[in-house]
Amino acid sequence: MKEIELKMQGKINRLTNNTFKFDERVAEGWFSAVYFLKTCEIAEAHRSDNVVKMQFFQKKHAVLCGTDEAIALIKTFAKNPEELEIYSLKDGDKIEPYETVLTIEGPYQNFGSLEGLIDGILGRRTSVSTNVYNVVKAASTSGVQKPVIFMGDRDDHFTQQAGDGYAAYIGGSTAQATHAMNEWWGKRGMGTMPHALIQLFEGDVVAASRAYYEQYPEDELITLVDYNNDVITDSLKVAREFGDTLKGVRIDTSRTLVDQYFWRNQDELGTFDPRGVNPELIFALRKALDDEGYQHVKIVVSGGFNEDRIRGFEERQVPVDIYGVGSSLLNIHIGFTGDNVLLNGKREAKKGRKHRPNPRLEKVE
(Lines give C-alpha, C1' and ligand atoms only; values in the text may rest on other atoms or scores of the structure.)
Protein backbone atom coordinates (compact mmCIF):
# COMPACT_ATOMS: atom_id res chain seq x y z
CA MET A 1 0.00 0.00 0.00
CA LYS A 2 1.32 3.43 -0.93
CA GLU A 3 1.95 5.94 1.85
CA ILE A 4 -0.58 8.34 0.36
CA GLU A 5 -3.30 5.76 1.05
CA LEU A 6 -2.14 5.38 4.66
CA LYS A 7 -2.18 9.15 5.00
CA MET A 8 -5.69 9.42 3.59
CA GLN A 9 -6.80 6.73 6.04
CA GLY A 10 -5.30 8.70 8.92
CA LYS A 11 -2.75 6.01 9.76
CA ILE A 12 0.21 8.35 9.15
CA ASN A 13 0.35 12.14 9.25
CA ARG A 14 3.01 12.77 6.61
CA LEU A 15 4.62 11.11 3.62
CA THR A 16 8.21 10.00 4.28
CA ASN A 17 11.36 9.19 2.36
CA ASN A 18 9.78 5.84 1.52
CA THR A 19 7.84 7.92 -1.00
CA PHE A 20 10.37 10.58 -1.94
CA LYS A 21 13.53 8.43 -2.26
CA PHE A 22 16.07 11.24 -1.91
CA ASP A 23 19.49 11.12 -3.51
CA GLU A 24 21.89 9.89 -0.82
CA ARG A 25 24.39 12.58 -1.81
CA VAL A 26 22.26 15.10 0.07
CA ALA A 27 23.99 13.79 3.20
CA GLU A 28 27.35 14.78 1.72
CA GLY A 29 26.24 18.36 1.07
CA TRP A 30 26.38 17.77 -2.67
CA PHE A 31 23.26 19.83 -3.34
CA SER A 32 23.76 22.48 -0.64
CA ALA A 33 25.17 25.94 -1.31
CA VAL A 34 28.79 25.94 -0.15
CA TYR A 35 28.32 28.95 2.11
CA PHE A 36 25.73 27.01 4.12
CA LEU A 37 28.17 24.13 4.51
CA LYS A 38 30.92 26.49 5.67
CA THR A 39 28.58 28.22 8.11
CA CYS A 40 27.64 24.89 9.66
CA GLU A 41 31.32 24.12 10.20
CA ILE A 42 31.95 27.54 11.76
CA ALA A 43 28.90 27.17 14.01
CA GLU A 44 30.14 23.77 15.19
CA ALA A 45 33.60 25.15 15.95
CA HIS A 46 32.72 28.55 17.44
CA ARG A 47 29.04 28.64 18.49
CA SER A 48 28.12 25.01 19.06
CA ASP A 49 25.62 25.81 21.82
CA ASN A 50 23.42 27.96 19.55
CA VAL A 51 19.71 27.38 19.09
CA VAL A 52 18.17 29.15 16.10
CA LYS A 53 14.66 29.30 14.74
CA MET A 54 14.40 29.27 10.95
CA GLN A 55 11.10 30.22 9.34
CA PHE A 56 9.98 29.90 5.73
CA PHE A 57 7.60 32.14 3.76
CA GLN A 58 6.74 33.34 0.25
CA LYS A 59 5.02 36.42 -1.16
CA LYS A 60 1.85 35.35 -3.00
CA HIS A 61 -1.58 33.87 -2.47
CA ALA A 62 -0.88 30.22 -3.16
CA VAL A 63 -1.71 26.56 -2.59
CA LEU A 64 1.06 25.16 -0.43
CA CYS A 65 2.82 21.98 -1.45
CA GLY A 66 6.13 20.35 -0.53
CA THR A 67 5.82 20.37 3.26
CA ASP A 68 5.81 16.57 3.58
CA GLU A 69 8.81 16.39 1.26
CA ALA A 70 10.71 19.11 3.13
CA ILE A 71 10.03 17.52 6.50
CA ALA A 72 11.09 14.11 5.18
CA LEU A 73 14.30 15.74 3.95
CA ILE A 74 14.96 17.16 7.42
CA LYS A 75 14.13 13.87 9.15
CA THR A 76 16.42 11.99 6.77
CA PHE A 77 19.48 14.25 6.58
CA ALA A 78 19.59 16.60 9.59
CA LYS A 79 21.89 15.68 12.46
CA ASN A 80 19.91 14.43 15.46
CA PRO A 81 16.59 15.27 13.80
CA GLU A 82 14.68 13.99 16.82
CA GLU A 83 16.05 16.97 18.77
CA LEU A 84 14.71 19.55 16.30
CA GLU A 85 11.38 21.24 16.93
CA ILE A 86 9.43 21.52 13.67
CA TYR A 87 6.10 23.22 13.04
CA SER A 88 4.41 23.23 9.65
CA LEU A 89 1.29 23.77 7.62
CA LYS A 90 0.13 20.94 5.35
CA ASP A 91 0.17 20.27 1.63
CA GLY A 92 -2.97 21.72 0.10
CA ASP A 93 -3.34 24.58 2.60
CA LYS A 94 -4.19 27.97 1.10
CA ILE A 95 -1.54 30.47 2.18
CA GLU A 96 -1.20 34.23 2.29
CA PRO A 97 1.74 36.43 1.29
CA TYR A 98 4.46 36.41 3.97
CA GLU A 99 2.64 33.76 6.00
CA THR A 100 5.04 31.46 7.86
CA VAL A 101 4.53 27.92 6.54
CA LEU A 102 7.34 26.05 8.31
CA THR A 103 9.67 26.59 11.26
CA ILE A 104 12.66 24.59 12.43
CA GLU A 105 14.32 25.17 15.80
CA GLY A 106 17.58 23.66 16.97
CA PRO A 107 21.38 23.97 16.59
CA TYR A 108 22.11 25.60 13.23
CA GLN A 109 24.88 23.16 12.38
CA ASN A 110 22.40 20.28 12.57
CA PHE A 111 20.14 21.46 9.76
CA GLY A 112 21.35 24.77 8.29
CA SER A 113 22.88 23.18 5.19
CA LEU A 114 19.38 22.09 4.10
CA GLU A 115 17.94 25.62 3.85
CA GLY A 116 18.32 26.01 0.08
CA LEU A 117 16.96 22.53 -0.61
CA ILE A 118 13.88 23.26 1.49
CA ASP A 119 13.33 26.57 -0.33
CA GLY A 120 13.60 24.77 -3.66
CA ILE A 121 11.21 21.98 -2.70
CA LEU A 122 8.57 24.38 -1.42
CA GLY A 123 9.02 26.78 -4.33
CA ARG A 124 8.64 24.26 -7.11
CA ARG A 125 5.89 22.19 -5.55
CA THR A 126 3.85 25.24 -4.50
CA SER A 127 4.24 26.84 -7.94
CA VAL A 128 2.90 23.74 -9.69
CA SER A 129 0.08 23.11 -7.21
CA THR A 130 -0.98 26.76 -7.41
CA ASN A 131 -0.87 26.78 -11.21
CA VAL A 132 -2.98 23.63 -11.39
CA TYR A 133 -5.43 24.92 -8.78
CA ASN A 134 -5.96 28.12 -10.78
CA VAL A 135 -6.42 26.23 -14.05
CA VAL A 136 -8.86 23.77 -12.47
CA LYS A 137 -10.77 26.70 -11.01
CA ALA A 138 -10.85 28.38 -14.44
CA ALA A 139 -12.18 25.14 -15.92
CA SER A 140 -15.28 25.47 -13.74
CA THR A 141 -16.14 29.03 -14.79
CA SER A 142 -19.10 27.84 -16.86
CA GLY A 143 -20.65 26.26 -13.77
CA VAL A 144 -19.56 22.72 -14.62
CA GLN A 145 -16.18 21.43 -13.47
CA LYS A 146 -14.22 20.18 -16.49
CA PRO A 147 -11.36 17.73 -15.86
CA VAL A 148 -7.82 18.96 -16.48
CA ILE A 149 -5.23 16.47 -17.73
CA PHE A 150 -1.70 17.26 -16.56
CA MET A 151 0.44 16.85 -19.70
CA GLY A 152 3.76 18.31 -18.55
CA ASP A 153 6.00 15.38 -19.55
CA ARG A 154 7.69 17.24 -22.42
CA ASP A 155 8.07 20.58 -20.70
CA ASP A 156 10.74 19.79 -18.12
CA HIS A 157 13.39 17.25 -17.18
CA PHE A 158 11.87 13.80 -16.75
CA THR A 159 13.32 13.40 -13.24
CA GLN A 160 10.84 16.04 -12.03
CA GLN A 161 7.74 14.12 -13.04
CA ALA A 162 6.95 12.35 -9.76
CA GLY A 163 7.13 15.54 -7.69
CA ASP A 164 5.34 17.65 -10.28
CA GLY A 165 2.61 15.03 -10.59
CA TYR A 166 2.09 15.01 -6.83
CA ALA A 167 1.93 18.80 -6.77
CA ALA A 168 -0.58 18.71 -9.64
CA TYR A 169 -2.64 16.21 -7.63
CA ILE A 170 -2.59 18.57 -4.64
CA GLY A 171 -3.71 21.35 -6.99
CA GLY A 172 -6.66 19.30 -8.27
CA SER A 173 -5.56 17.34 -11.35
CA THR A 174 -6.12 13.59 -10.98
CA ALA A 175 -5.56 12.73 -14.66
CA GLN A 176 -1.89 12.75 -15.65
CA ALA A 177 0.12 11.71 -18.68
CA THR A 178 2.82 9.39 -17.30
CA HIS A 179 3.08 6.66 -14.71
CA ALA A 180 5.87 8.63 -13.01
CA MET A 181 3.58 11.61 -12.45
CA ASN A 182 1.28 9.31 -10.49
CA GLU A 183 4.03 7.57 -8.52
CA TRP A 184 3.67 9.42 -5.21
CA TRP A 185 -0.11 9.50 -5.09
CA GLY A 186 -1.02 6.09 -6.38
CA LYS A 187 -2.59 5.95 -9.83
CA ARG A 188 -1.37 5.19 -13.36
CA GLY A 189 -0.74 7.46 -16.33
CA MET A 190 -3.50 7.94 -18.89
CA GLY A 191 -3.60 8.83 -22.58
CA THR A 192 -4.48 7.45 -25.98
CA MET A 193 -2.66 8.41 -29.15
CA PRO A 194 -0.06 10.92 -30.36
CA HIS A 195 0.35 12.21 -33.90
CA ALA A 196 3.07 9.58 -34.36
CA LEU A 197 0.49 6.79 -34.32
CA ILE A 198 -1.54 8.41 -37.09
CA GLN A 199 1.63 9.00 -39.11
CA LEU A 200 2.34 5.25 -39.00
CA PHE A 201 -1.01 4.74 -40.75
CA GLU A 202 -0.25 7.47 -43.32
CA GLY A 203 -2.79 9.91 -41.93
CA ASP A 204 -5.67 7.43 -41.82
CA VAL A 205 -7.28 8.23 -38.48
CA VAL A 206 -9.79 5.39 -38.79
CA ALA A 207 -7.07 2.79 -39.34
CA ALA A 208 -4.99 4.21 -36.50
CA SER A 209 -8.01 4.18 -34.19
CA ARG A 210 -8.86 0.60 -35.18
CA ALA A 211 -5.32 -0.54 -34.39
CA TYR A 212 -5.43 1.25 -31.06
CA TYR A 213 -8.76 -0.30 -30.12
CA GLU A 214 -7.62 -3.78 -31.10
CA GLN A 215 -4.44 -3.39 -29.04
CA TYR A 216 -6.13 -1.76 -26.01
CA PRO A 217 -9.81 -2.80 -26.04
CA GLU A 218 -10.13 -2.07 -22.31
CA ASP A 219 -9.32 1.63 -22.87
CA GLU A 220 -11.82 4.34 -23.69
CA LEU A 221 -11.24 5.21 -27.34
CA ILE A 222 -10.35 8.89 -27.73
CA THR A 223 -9.04 9.72 -31.20
CA LEU A 224 -6.67 12.56 -32.06
CA VAL A 225 -8.28 14.28 -35.04
CA ASP A 226 -6.13 17.26 -36.07
CA TYR A 227 -3.39 15.35 -37.95
CA ASN A 228 -4.85 16.28 -41.35
CA ASN A 229 -5.92 19.75 -40.17
CA ASP A 230 -9.55 18.82 -40.84
CA VAL A 231 -10.96 17.99 -37.44
CA ILE A 232 -14.65 17.87 -38.33
CA THR A 233 -14.18 15.58 -41.31
CA ASP A 234 -11.93 13.21 -39.38
CA SER A 235 -14.11 13.29 -36.26
CA LEU A 236 -17.13 12.25 -38.27
CA LYS A 237 -15.14 9.50 -39.98
CA VAL A 238 -14.20 7.85 -36.70
CA ALA A 239 -17.64 8.45 -35.18
CA ARG A 240 -19.33 6.75 -38.13
CA GLU A 241 -16.88 3.85 -37.93
CA PHE A 242 -16.98 3.23 -34.16
CA GLY A 243 -20.34 4.62 -33.01
CA ASP A 244 -20.83 4.24 -29.27
CA THR A 245 -17.31 2.79 -28.91
CA LEU A 246 -15.82 6.21 -29.66
CA LYS A 247 -15.76 8.08 -26.37
CA GLY A 248 -14.07 11.28 -27.46
CA VAL A 249 -11.97 13.22 -29.94
CA ARG A 250 -8.96 15.36 -29.11
CA ILE A 251 -8.05 18.54 -30.98
CA ASP A 252 -4.48 19.82 -30.82
CA THR A 253 -4.33 22.10 -33.88
CA SER A 254 -1.14 24.16 -34.18
CA ARG A 255 -1.47 27.86 -33.46
CA THR A 256 0.07 28.49 -36.89
CA LEU A 257 -2.66 26.64 -38.84
CA VAL A 258 -6.22 27.38 -39.90
CA ASP A 259 -8.40 24.27 -39.98
CA GLN A 260 -9.84 23.20 -43.35
CA TYR A 261 -13.35 23.84 -42.03
CA PHE A 262 -12.79 27.58 -42.32
CA TRP A 263 -11.46 27.34 -45.87
CA ARG A 264 -14.70 25.59 -46.80
CA ASN A 265 -16.75 28.14 -44.88
CA GLN A 266 -14.96 31.41 -45.51
CA ASP A 267 -18.10 33.42 -44.84
CA GLU A 268 -17.54 32.67 -41.14
CA LEU A 269 -14.16 34.41 -41.15
CA GLY A 270 -13.38 38.03 -40.38
CA THR A 271 -14.36 38.54 -36.74
CA PHE A 272 -11.99 36.20 -34.86
CA ASP A 273 -8.56 34.58 -35.01
CA PRO A 274 -9.15 31.28 -36.87
CA ARG A 275 -5.77 29.75 -36.02
CA GLY A 276 -5.27 26.80 -33.73
CA VAL A 277 -7.89 25.43 -31.36
CA ASN A 278 -10.41 28.28 -31.27
CA PRO A 279 -13.96 28.52 -29.90
CA GLU A 280 -15.63 28.75 -33.32
CA LEU A 281 -13.99 25.50 -34.44
CA ILE A 282 -15.17 23.70 -31.29
CA PHE A 283 -18.72 25.05 -31.67
CA ALA A 284 -18.76 23.81 -35.28
CA LEU A 285 -17.37 20.40 -34.28
CA ARG A 286 -19.94 19.95 -31.52
CA LYS A 287 -22.77 20.82 -33.90
CA ALA A 288 -21.48 18.43 -36.58
CA LEU A 289 -21.25 15.55 -34.10
CA ASP A 290 -24.65 16.30 -32.58
CA ASP A 291 -26.35 16.62 -35.97
CA GLU A 292 -25.34 13.04 -36.78
CA GLY A 293 -26.39 11.67 -33.39
CA TYR A 294 -22.99 11.51 -31.69
CA GLN A 295 -23.87 13.59 -28.65
CA HIS A 296 -22.00 11.10 -26.47
CA VAL A 297 -18.62 11.88 -28.05
CA LYS A 298 -16.64 14.16 -25.75
CA ILE A 299 -14.35 16.92 -26.97
CA VAL A 300 -10.86 17.15 -25.51
CA VAL A 301 -8.67 20.17 -26.34
CA SER A 302 -4.94 20.68 -25.85
CA GLY A 303 -2.12 22.82 -27.17
CA GLY A 304 -1.12 26.05 -25.44
CA PHE A 305 -3.94 26.19 -22.91
CA ASN A 306 -3.44 28.15 -19.70
CA GLU A 307 -5.62 29.69 -17.01
CA ASP A 308 -6.66 32.77 -19.03
CA ARG A 309 -7.37 30.87 -22.22
CA ILE A 310 -9.45 28.26 -20.41
CA ARG A 311 -11.41 30.94 -18.59
CA GLY A 312 -12.11 32.62 -21.93
CA PHE A 313 -13.47 29.36 -23.36
CA GLU A 314 -15.59 28.74 -20.27
CA GLU A 315 -17.05 32.24 -20.21
CA ARG A 316 -18.21 31.70 -23.78
CA GLN A 317 -19.64 28.29 -22.87
CA VAL A 318 -17.46 26.60 -25.51
CA PRO A 319 -18.50 22.90 -25.50
CA VAL A 320 -15.19 21.48 -24.25
CA ASP A 321 -15.40 18.45 -21.97
CA ILE A 322 -11.75 18.03 -20.96
CA TYR A 323 -8.70 20.32 -21.09
CA GLY A 324 -5.16 19.03 -21.59
CA VAL A 325 -2.60 21.45 -20.16
CA GLY A 326 1.20 21.25 -20.11
CA SER A 327 3.85 23.94 -20.04
CA SER A 328 1.85 26.67 -18.30
CA LEU A 329 1.49 24.46 -15.24
CA LEU A 330 5.26 24.23 -14.81
CA ASN A 331 5.87 27.97 -14.53
CA ILE A 332 7.99 28.24 -11.37
CA HIS A 333 6.97 31.68 -10.13
CA ILE A 334 6.84 31.24 -6.36
CA GLY A 335 10.04 31.49 -4.37
CA PHE A 336 10.42 30.65 -0.68
CA THR A 337 12.85 32.21 1.74
CA GLY A 338 14.26 30.69 4.91
CA ASP A 339 15.22 33.22 7.58
CA ASN A 340 16.87 32.72 10.96
CA VAL A 341 14.73 34.95 13.19
CA LEU A 342 15.51 33.83 16.75
CA LEU A 343 18.84 33.08 18.40
CA ASN A 344 18.77 31.34 21.77
CA GLY A 345 15.19 32.47 22.27
CA LYS A 346 15.84 36.14 21.47
CA ARG A 347 14.94 38.09 18.36
CA GLU A 348 17.91 38.22 16.04
CA ALA A 349 17.43 38.61 12.28
CA LYS A 350 18.62 40.72 9.39
CA LYS A 351 16.95 44.09 8.96
CA GLY A 352 13.58 43.82 7.30
CA ARG A 353 12.90 40.31 8.60
CA LYS A 354 11.28 39.34 11.87
CA HIS A 355 9.75 36.44 13.69
CA ARG A 356 6.23 35.88 12.32
CA PRO A 357 4.38 33.38 14.56
CA ASN A 358 1.53 31.56 12.85
CA PRO A 359 -1.16 29.89 14.99
CA ARG A 360 -2.08 27.65 12.05
CA LEU A 361 1.22 25.78 12.25
CA GLU A 362 1.06 22.25 13.64
CA LYS A 363 3.83 20.55 15.57
CA VAL A 364 5.50 17.76 13.63
CA GLU A 365 5.98 14.72 15.81
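That block above? That's the structure.
Residues numbered from 1 in each chain as written. Predicted model: local features only at pLDDT ≥ 70, side-chain atom pairs only at ≥ 80, totals over all residues. Heavy atoms only, no water.

## Overview of helix α6 (residues 115–138)
Here α6 contains 24 residues, and its C-alpha end-to-end distance of 34 Å stays within 8% of the 34 Å for a straight helix at 1.5 Å per residue. Of all 24 residues in α6, 19 are buried, a share of seventy percent or more. (Helix = DSSP H or I, 4+ residues; strand = E, 2+ residues; numbered from the N terminus. Expected span 1.5 Å × (residues − 1). Buried < 20%, exposed > 50% of the residue type's maximum accessible area, 1.4 Å probe, protein only.)

## Observations regarding the sheet that holds strand β12 (residues 337–343)
Within a sheet, adjacent strands bond to each other through the backbone by hydrogen bonds, running parallel or antiparallel. One open sheet holds the six strands; their spatial order is β13-β12-β1-β5-β3-β14, and the pairing between them is antiparallel. The outermost strands of the open sheet, each flanked by one partner alone, are β13 (346–347) and β14 (362–363). As paired strands, strand β3 (residues 85–88) and β14 are joined by two bridges and run antiparallel to one another. Following the sheet pairing, Tyr87 is matched in β14 by Lys363. Packed onto the sheet, helix α4 (residues 67–77) meets β3 and β5 (102–106) and runs at close to 175 degrees relative to β3. Packed on one face of the sheet, α6 meets β1 (52–57), β5 and β12 and runs near 25 degrees to β1. (Pairing = 2+ DSSP bridges. Contact = heavy atoms within 4.5 Å. Axes fitted to C-alpha atoms, helices over the stretch in contact; angles between N-to-C directions.)

## Observations regarding the packing of α4 against α6
Between α4 and α6, the shortest axis-to-axis distance is 9 Å and the interhelical angle comes to 165 degrees. Compared by their axis directions, α4 and α6 come out roughly antiparallel. Between α4 and α6 the crossing geometry is right-handed. Residues Thr67, Glu69, Ala70, Leu73 and Ile74 of α4 form the contact with α6, whose own contacting residues are Leu117, Ile118, Ile121, Leu122 and Arg125. When grouped by side-chain class, the residues that make up the contact of α4 with α6 number seven nonpolar, one polar and two charged. (Parallel < 35°, antiparallel > 145°, perpendicular 65-115°, else oblique. Left-handed = near helix turned anticlockwise from the far one by under 90°. Nonpolar A, V, L, I, M, F, W, Y, C, P; charged D, E, K, R; others polar.)

## Notes on the environment of Ala180
Following the sequence through the fold, Ala180 ends up in the loop between β7 (175–176) and α8 (195–200). The partly exposed category is assigned to Ala180, whose relative accessible area is 29%. Expressed as a C-alpha distance, the spacing of Ala180 and Ala43, which sit 137 residues apart in the sequence, is 40 Å. In this structure, Ala180 is in contact with Gln161 and Ala162, ignoring residues within four places of it in sequence.

## Focus: the side chain of Arg309
In this fold, Arg309 is placed in helix α13 (residues 307–315). Here Gly303 takes part through its backbone oxygen, which lies 2.7 Å from a polar atom of the side chain of Arg309. Here Arg309 is in contact with Arg255, Val277, Gly303 and Gly304, once residues within four sequence places are set aside. (Polar contact = N/O pair within 3.5 Å; in protein donor to acceptor, adjacent residues only side chain to side chain.)

## Digging into the sheet that holds strand β11 (residues 322–325)
Reading across from one edge, β7-β6-β11-β10-β9-β8 is the order of the six strands in this open sheet, with parallel pairing throughout. Of all the strands in the sheet, the pair left with one neighbour each is β7 and β8 (221–224). Looking at chain direction, strand β9 (residues 246–251) and strand β10 (residues 298–302) are connected through four bridges and run parallel. Opposite Val249, over in β10, you have Ile299 as the bridge partner.

## Here's the deal with the pattern of salt bridges
Under the counting rule described, the total for this entry stands at 23 salt bridges. Residues Arg25 and Asp23 are paired through a salt bridge, measuring 2.7 Å at the closest nitrogen-oxygen approach. You can call Asp23 partly exposed: its relative accessible area is 32%. Here Arg210 makes a salt bridge to Glu241, at a shortest N to O gap of 3.1 Å. Remark: Glu241 occurs in helix α10 (residues 231–242) and Arg210 occurs in helix α9 (residues 205–215); sequence separation between them is 31 residues. A relative accessible area of 33% means that Arg210 is categorised as partly exposed. Taken together, the shared-partner salt bridges connect Glu69, Arg124, Arg125, Asp156 and Asp164 into one network. (Salt bridge = Lys/Arg side-chain N within 4 Å of Asp/Glu carboxyl O.)

## Regarding the pairing of β11
Of the two faces of β11, both are covered, the one formed by Ile322 and Gly324 as well as the one formed by Tyr323 and Val325. Of the strand pairs in this sheet, strand β6 (residues 148–150) and β11 are connected by three bridges, and their pairing is parallel. Following the sheet pairing, Ile149 is matched in β11 by Gly324. The pairing of β10 with β11 spans three bridges and is classified as parallel. Paired with Val301 across the strands is Tyr323, a residue of β11. You can see the chain leave β10, run along α13 and come back into β11, and the turn it takes is right-handed. (Right-handed = clockwise from strand over helix to strand, strands pointing away.)

## Overview of the packing of α10 against helix α12 (residues 279–291)
At a minimum axis distance of 10 Å, the contact between α10 and α12 shows a crossing angle of 30 degrees. In this view, α10 runs roughly parallel relative to α12, as classed from their interaxial angle. When the axes of α10 and α12 are compared, the crossing they make is right-handed. Between α10 and α12, the contacting residues are Val231, Ile232, Ser235, Leu236 and Ala239 on the first element and Leu281, Ala284, Leu285, Ala288 and Leu289 on the second. Of the residues assigned to the contact of α10 with α12, the class counts are nine nonpolar, one polar and no charged.

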